[in-house]
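One letter stands for each residue in the lines below.
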Amino acid sequence: MTSTALLALCLFQCVSVFGWGNEGHEYVNRVAAEKIPVEMPRFLRHSVAELTYLGPEPDRWRSPSEYALKNAQEPDHYIDLERVAWLDPLPPGRYEFYRKLYEKRAATSDHPDDYLPEHVGLQPYITMEIFGRLTAAFREYRHLREQHQPTSPVEHAIVFYAGWLGHYVADGSQPLHTTIHYNGWVGPNPKGYTTQHGIHAAFESAYVAQNVTAKDFAKLVRSPERLGDPFASYVNYLKESNRQVETVYSLEKAGGFTGKGSAEAFEFTTRRLAAGSQMLLDLWYTAWLDSASSPEIAPAAAAASPSK
Ligand SMILES: [Zn+2]
């Protein structure tokens, strides 16, 4: 394959699976960053440019030239909730989820590979793992402040985790990242929705880039709330997104995402982007508040019983 053909293939494949495109990811992170409340650390409130830059960061990890990275992280961007409707509630840990899926696969004769973890997607797991990293880093920041130690290194880590987290949270607000219908309707199709592999990019990239700005939905994002059970709240947020899959298809069918699109498509898209910023802001705020309590197992105790 020529390098031009390879580039064209990469562009097609990359664009076809990106969540919100570059602009949407920057907007979601920026709007959340601009709403960070005064009770959170000032350095974070002053990191709007860095947090905005990091919105699309995991989409920079999809090049074939970094194959191991591309391969390992692709399932992080989505979850096909229809494939796990039988698994409610979702287990809280990645490896418990893998085990349930492999058991299901072993008991399935029709398309068993549909239940491979990398085919179902790992969206809520990567999100909660980064949320955990952010909480741990906030805890370290509080500890260093108490000890009157320099905090600049941990501040860099916090900004990175917070920005990185934003990517997956934004993906979760895009209904097509929660469904088997992620890029064209599959299976029975009585309403005649498109089966073409263009709807995903047309909605989240081309339409958003041409018609939406961060200002258009910033006013829809409220002050943050602390989440009592972040994993349960996050899974509910994904389910809410999944309930809107058909709306994306009916808007597309009516031409809502073509060119300047329709008022209905604009309303829908800005509400989904706002939902992403709101969940991101709530998760940042929750991580900050949760970091004030002691970890369940102190690092010193963990060191006494080392794992592999
Ligand atoms: Zn993504």
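Residues numbered from 1 in each chain as written. Predicted model: local features only at pLDDT ≥ 70, side-chain atom pairs only at ≥ 80, totals over all residues. Heavy atoms only, no water.

1. Points about the overall build of the protein chain
In step 1: Counting its regular elements, the protein chain contains 15 helices and zero strands.
In step 2: On C-alpha atoms alone, the protein chain measures out to a radius of gyration of 20 Å, which is about the 19 Å that the 2.2 N^0.38 rule sets for 308 residues.
In step 3: Across its three principal directions, the C-alpha atoms of the protein chain cover 60 × 50 × 45 Å.
In step 4: Summarising the internal contacts of the protein chain: among those between residues at least 6 apart in sequence, 78% fall at separations of at least 24.
In step 5: Put simply, the protein chain shows about 15300 Å² of open surface, and 55% of that area lies on carbon and sulfur atoms.
In step 6: Taking the 29 positively charged and 36 negatively charged side chains of the protein chain as two groups, their mean positions are separated by 3 Å. (Helix = DSSP H or I, 4+ residues; strand = E, 2+ residues; numbered from the N terminus. Rg over C-alpha atoms; globule rule 2.2 N^0.38 Å. Contact = heavy atoms within 4.5 Å. Areas by Shrake-Rupley, 256 points an atom, 1.4 Å probe, with all protein chains shown as cover. Lys, Arg positive; Asp, Glu negative; His and termini not counted. Charge placed at Lys NZ, Arg CZ, Asp CG, Glu CD.)

2. Describing the packing of helix α9 (residues 152-173) against helix α12 (residues 230-242)
In step 1: Where α9 meets α12, the closest approach of the two axes is 8 Å, and the angle between their N-to-C directions is 40°. The orientation of α9 relative to α12 falls into the category oblique. Contacts between α9 and α12 involve Tyr-168, Val-169, Ala-170, Gly-172 and Ser-173 from the first element and Tyr-234, Tyr-237, Leu-238 and Ser-241 from the second. (Axes fitted to C-alpha atoms, helices over the stretch in contact; angles between N-to-C directions. Parallel < 35°, antiparallel > 145°, perpendicular 65-115°, else oblique.)

3. Examining the environment of Val-186
In step 1: Within the secondary structure, Val-186 is located in the loop between α9 and α10 (199-211).
In step 2: Here Val-186 falls in the partly exposed class, since its relative accessible area comes to 39%.
In step 3: Not counting the four nearest positions on each side in its chain, Val-186 is found in contact with Ile-180 and His-181. (Buried < 20%, exposed > 50% of the residue type's maximum accessible area, 1.4 Å probe, protein only.)

4. Side note on unusual backbone geometry
In step 1: Of note, the amide linkage connecting Asp-88 to Pro-89 takes the cis form, showing an omega dihedral of 5°.
In step 2: Counting through the fold element by element, Pro-89 comes out in the loop between α5 (67-73) and α6 (94-106).
In step 3: Look at His-111: it is not a glycine, yet its phi comes out positive at around 50°.
In step 4: Given a relative accessible area of 53%, His-111 falls into the exposed group.
In step 5: Within the chain, His-148 stands out as a residue other than glycine whose phi angle is a positive 55°.
In step 6: With respect to the secondary-structure elements, His-148 resides in the loop between α8 (123-146) and α9.

5. Considering the pattern of salt bridges
In step 1: Counted under the stated rule, the structure contains 13 salt bridges.
In step 2: Its salt-bridge partner being Arg-94, residue Asp-76 comes within 3.9 Å of it at the nearest N-O pair. Taken together, the residues Asp-76 in the loop between α5 and α6 and Arg-94 in helix α6 connect sequence positions 18 residues apart. Comparing Asp-76 with Arg-94, the two get one shared label, buried.
In step 3: The residue Lys-239 makes a salt bridge to Asp-88 at a minimum N-O spacing of 3.4 Å. Of this pair, Lys-239 sits in helix α12 while Asp-88 is found in the loop between α5 and α6, placing the two residues 151 residues apart along the sequence.
In step 4: We classify Lys-239 as partly exposed; its relative accessible area is 29%.
In step 5: Owing to a relative accessible area of 57%, Asp-88 belongs among the exposed residues under this scheme. (Salt bridge = Lys/Arg side-chain N within 4 Å of Asp/Glu carboxyl O.)

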